[in-house]
Amino acid sequence: MPDFNDGFLGVPARPGKPREVGVTHVIDKGLNLRDIEGLFDTAGQFVDIVKFGWGTSYVTNNLEKKIALYRSFETPVVCGGTLFEAVYGRGRMDDFKRWLVDHRFSHVEISDGTLEIPRGEKLELITDFARDFTVLSEVGSKDSDVVFAPYQWVEWINEELAAGAWKVITEGREGGTAGIYRSDGDMRTGLLDEIAHGVAIENVLFEAPTKSSQAWFVKHFGPNVNLGNIPPDEVIPLETLRLGLRGDTLKEVLLASTPERD
């Protein structure tokens, strides 16, 4: 990864890949092989993990080729949590595990944003999958009318981390209209502040599909906040937000401690 710290602007330090913090989690809703090559040619050093959105992996004709291409770029892939919920609803968990192994997935997402999974059972599933996979669990409902108290979010996130999740995702959907967002796209800032107060922030991955939400997270939690559901064409714009090279974060990030001018 290019070392921006040696440049003349003095941008914030960003860890190289593989990253544990400052993770950019990108959503693939049906990219073709040329799209993927183009993404990594231009922005590959900023892509940490790719999610095949919801159940798209199940109907992608060239899935094996796509996975192999992502692997060639040393970037893990994960199926969307909705596929896991479909598997759960159908009672095909053993088949799903074999399918993940056959396709050489190293990561799995476990969510209950659409189906109600008993709390204890979800934690047991996280622990079970964590024996063989890197688990990203997800908290929050995909229904914008469902609102949970902040203390519940904090409790659930901490429980899922303790059960074996690598990161816990806060639900936002691909459009930023549920979970940590209101149906009109406004952020539930009070909820996010409570989460940041009660959870180690480096263990949380916030879904942030829009520029305004990405800028808010960078300004409030710093350049190395973990952000997810990033559209492929927003990877470089997000990195400029992280580095203070965009007007939305210039003052708060790059100029927060301005060196003396020449």
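As the structure is a computational prediction, the values presented were derived from the model and not from experiment. (Residues numbered from 1 in each chain as written. Predicted model: local features only at pLDDT ≥ 70, side-chain atom pairs only at ≥ 80, totals over all residues. Heavy atoms only, no water.)

K.L.:
For this particular structure, what's the right way to read the layout of surface pockets?
P.N.:
The gaps left among the atoms become clear once a water-sized probe is rolled over them. By volume, the largest pocket amounts to about 310 Å³. As for the largest pocket, its lining consists of 17 residues, and the residues nearest its centre are D112, L115, E116, S141 and F148. Among the secondary structure elements, those contributing two or more residues to the lining of the largest pocket are α5 (119–130), β5 (134–139) and α6 (150–163). Here the residues of the lining of the largest pocket are counted per class, giving six nonpolar, four polar and seven charged. (1 Å grid on protein atoms, 1.4 Å probe; cavity = no way out; pocket = protein on both sides within 12 Å on 5 of 7 lines; lining within 4 Å. Points joined across faces, edges and corners; volume = space filled by probe spheres on them. Helix = DSSP H or I, 4+ residues; strand = E, 2+ residues; numbered from the N terminus. Nonpolar A, V, L, I, M, F, W, Y, C, P; charged D, E, K, R; others polar.)

K.L.:
Where do I start with the side chain of K51 in this structure?
P.N.:
Here K51 is to be found in strand β2 (residues 49–52). Apart from the residues within four sequence positions on either side, K51 is in contact with H25, V26, I27, D28, V78, C79, G80, E109, E207 and N229. (Contact = heavy atoms within 4.5 Å.)

K.L.:
What is the right way to look at the sheet that holds strand β7 (residues 204–207) in this model?
P.N.:
Sheet architecture is open: eight strands sit in the order β3-β2-β1-β8-β7-β6-β5-β4, paired in parallel fashion. Taken across any chain shown, the strands that pair with only one partner, and hence form the sheet edges, are β3 (77–79) and β4 (107–110). Strand-to-strand twist across the sheet, computed as the mean angle between neighbouring axes with direction ignored, equals 25 degrees. By the bridge criterion, two bridges tie β7 to strand β8 (residues 227–230) in an arrangement that is parallel. Bridged to E207 within β8 is G228. The strands touched by helix α2 (residues 63–72) are β1 (24–28), β2 and β3; relative to β2, the strand with the most contacts, the crossing angle is about 165 degrees. (Pairing = 2+ DSSP bridges. Axes fitted to C-alpha atoms, helices over the stretch in contact; angles between N-to-C directions.)

Geometry only, nothing functional implied.
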